[in-house]
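Notes for the structure review
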Amino acid sequence: MERICGWIIRKKLVGRVAIIEISGDRYTKPYVLVFKKDRNPEEYELIQGLSIGTALCFEGEKAREQKSRRGIEYVADKVEVYAEPLKPLPVDTSGKVPALLDTRIRYRYILLRNPLEKAILKIRAGILEAAREYLRKNGFLEIHTPKIVAAGAEGGATLFQLQYFEHRAYLSQSPQLYKQMLIASIPRVYEITPYFRAEKFNTIRHLNESWGIDVEQAFVKSEEDVMNTLEELVAYIINYVRTNYEEELELLNVELKPVHTPFKRIKFAEAIEMLETEGMKVSSTEDVTDAAEKKLGEIMAEKGYDLYFITKFPWSSTGFYYMREEDGIYTRKFDLDYKGLEIASGGQREHRYYKLVEAIREKGLDPRDFEFYLEAFKYGIPPHGGFGLGLERLMMKILNLSNIREAIVFVRDRTRLVP
Ligand code: AMO
């Protein structure tokens, strides 16, 4: 006998048999319970009267034919009811009637009873499981950095401001400054962290609170060492999901191909040329636009590449902390794109104190605002680099989600502050 708990997502009465589906803990697919009137008339009566959404536990035995197409089958007795809904559910948790994205976001916390929604959430956890496993095996230490900060690293326009007692403070856009400071003592660090960004636009690829896998490593020879870590990590994650989340991928109708390293590398200047050859107007000094990124994805797909690096971004398009090449025009910053979407950025950093101060000034910022960060560079910070890998963006591409909002349960965007 097993005790299983969950919520009714479907109920069917066939002759003297009641079949109910329970969304529970262990599996993504539901438990399919069969109650026979002849076996237990009283329980049968109780079951008959229960509505969709009821929270209950039952005792039962796995049916001989354990796995039906819908889920794991049990012959059940002894039901304990714990909570009944006060009114009919606003969404169909069985998945028969699909809901619009807006409704899905509003009621995601109950829709997660639906195997498809649950599969997305499970794969999200699986990606983090894989990332932690890979990084731990490769000597990276998990860290936590403050989310209430005095200065941002990614530009003032996207900072959320808040009052911190008598000081002005911000929500952290990225752990950039702090992960670099920790390089003063720990050669390999990573953080799984929210990014808060006050981007005002509403797109299918931006959130105002998103999550990233943020890595920093010391003693690098160039950004190549960092790109190696990133490509190995991404390949590990995708291959891990492929082998450990087969059932969820099948539910979501996703066919995931195995990924091999190394990934293709193209220089920023080459990418611009490729886009111009295709008749696209692009700037050679600014970051690639969303449209150009998408177009490049099509060009690269034709050449057989889903995952590719764009390297050597121009200094005019980057943050102050990236290392500049000797020519002063280009930097050691790269992006990793997956099927036409930027999923990560990173690069080698400027670790030389005086050059860093100069870079801050050149970007029109005040070195005094970064004193706490700059100080770390006085005590022996070796050449280092790292990256930020966007969790929801990665999920979008692994699962073919058409909107980033499908990848996170509680959405923070331009119009959503609840639930
Ligand atoms: P960047 O600003 O490119 O780099 O962010 C890193 C990655 O995070 C994801 N991302 C977002 N995802 C959804 N919505 C957003 N608003 C959003 N903003 C960022 C993207 C992006 O590639 N400090 C550097 C990283 C580094 O150099 O280590 C940084 O934050 O997938």
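Residues numbered from 1 in each chain as written. Predicted model: local features only at pLDDT ≥ 70, side-chain atom pairs only at ≥ 80, totals over all residues. Heavy atoms only, no water.

Quick look at helix H12 (residues 391–399) now. Three- or four-residue spacings in an α-helix give side chains the same orientation, since the helix completes a turn every 3.6 residues. Here H12 lies mainly inside the structure; eight of its nine residues are buried. Once H12 ends, the next one or two residues include Asn400, with phi positive near 55 degrees. (Buried < 20%, exposed > 50% of the residue type's maximum accessible area, 1.4 Å probe, protein only. Helix = DSSP H or I, 4+ residues; strand = E, 2+ residues; numbered from the N terminus.)

What follows covers the state of the cysteines. Scanning the entire structure with this criterion turns up one disulfide. A disulfide bridge connects Cys5 with Cys57, and the sulfur atoms are separated by 2.1 Å. Linking Cys5 and Cys57, the disulfide has an S-S dihedral of approximately 105 degrees and is accordingly described as right-handed. In this pair, Cys5 sits in strand S1 (residues 2–14) while Cys57 sits in strand S4 (residues 55–67), placing the two residues 52 residues apart along the sequence. Overall, Cys5 belongs to the partly exposed group, its relative accessible area being 28%. (Disulfide = S-S within 2.5 Å.)

In the region of the ligand, 25 residues are neighbours, and Gln176, Arg197, Glu199, Glu342 and Ser345 sit closest. Take Ser174: an N or O atom from its side chain is 3.5 Å from a nitrogen atom of the ligand. Expressed as a share of its isolated accessible area of 620 Å², the protein-covered part of the ligand is 94%. Elements with a minimum of two residues in the shell around the ligand: helix H5 (176–182), strand S15 (341–348) and strand S16 (384–390). Per-element accounting of the shell around the ligand gives the leading share, five residues, to S15. Looking at the shell around the ligand residue by residue, the class counts come to eight nonpolar, nine polar and eight charged. (Near = heavy atom within 4 Å. Polar contact = N/O pair within 3.5 Å; in protein donor to acceptor, adjacent residues only side chain to side chain. Areas by Shrake-Rupley, 256 points an atom, 1.4 Å probe, with all protein chains shown as cover. Nonpolar A, V, L, I, M, F, W, Y, C, P; charged D, E, K, R; others polar.)

The next point concerns the sheet that holds strand S13 (residues 307–311). Spatial strand order, S6-S10-S11-S16-S15-S14-S13-S12: eight strands in an open sheet with mixed pairing. Of all strands in the sheet, those with a lone pairing partner are strand S6 (141–142) and strand S12 (264–267), marking the two edges. Strand direction decides the pairing type here: strand S11 (residues 209–218) and S16, joined by seven bridges, are antiparallel. Considered in S16, the bridge of Val215 is made with Phe387. (Pairing = 2+ DSSP bridges.)

Time to look at helix H8 (residues 268–277). All buried positions along H8 are accounted for by Phe268, Ala271, Ile272, Met274 and Leu275. Taken end-on, H8 shows its buried residues confined to a sector of 160 degrees, consistent with a single buried face. Turned more than 90 degrees away from the buried face of H8, the exposed residues are Glu273 and Thr277. Of the surrounding secondary structure, the elements contacted by the buried residues of H8 are S12, helix H9 (290–302) and S13. (Arc of directions from axis to C-beta. Contact = heavy atoms within 4.5 Å.)

Overall, the coordinates contain 31 salt bridges when judged by the stated rule. Note that Glu21 is salt-bridged to Arg10, the shortest N-O span being 3.6 Å. Here Glu21, found in strand S2 (residues 17–24), pairs with Arg10, found in strand S1; they are eleven residues apart in sequence, far enough to count as distant. A relative accessible area of 24% places Arg10 in the partly exposed class. Here Glu362 and Arg324 are joined by a salt bridge, their closest N and O atoms 3.0 Å apart. Here Glu362, found in helix H10 (residues 353–362), pairs with Arg324, found in the loop between S13 and strand S14 (333–338); they are 38 residues apart in sequence, far enough to count as distant. The exposure class assigned to Glu362 is partly exposed, which follows from its relative accessible area of 46%. Taking relative accessible area as the criterion, Arg324 reaches 25% and is therefore assigned partly exposed. (Salt bridge = Lys/Arg side-chain N within 4 Å of Asp/Glu carboxyl O.)

At a minimum axis separation of 10 Å, H8 and H9 run at an interaxial angle of 85 degrees. On the basis of the axis angle, H8 is roughly perpendicular to H9. Note on element contacts: H9 touches H8 through Ala292, Lys295, Leu296, Ile299 and Met300, opposite Ala271, Met274 and Leu275. Grouping the amino acids of the contact of H8 with H9 by side-chain chemistry returns seven nonpolar, no polar and one charged. (Axes fitted to C-alpha atoms, helices over the stretch in contact; angles between N-to-C directions. Parallel < 35°, antiparallel > 145°, perpendicular 65-115°, else oblique.)

Pro262 follows Thr261 through a cis peptide bond whose omega is 0 degrees. Residue Pro419 is reached from Val418 by a cis peptide bond, and omega for that bond is -10 degrees. Tracing the chain through its elements places Pro419 in the segment after H12. One non-glycine residue, Phe219, lies in positive phi territory at about 60 degrees.

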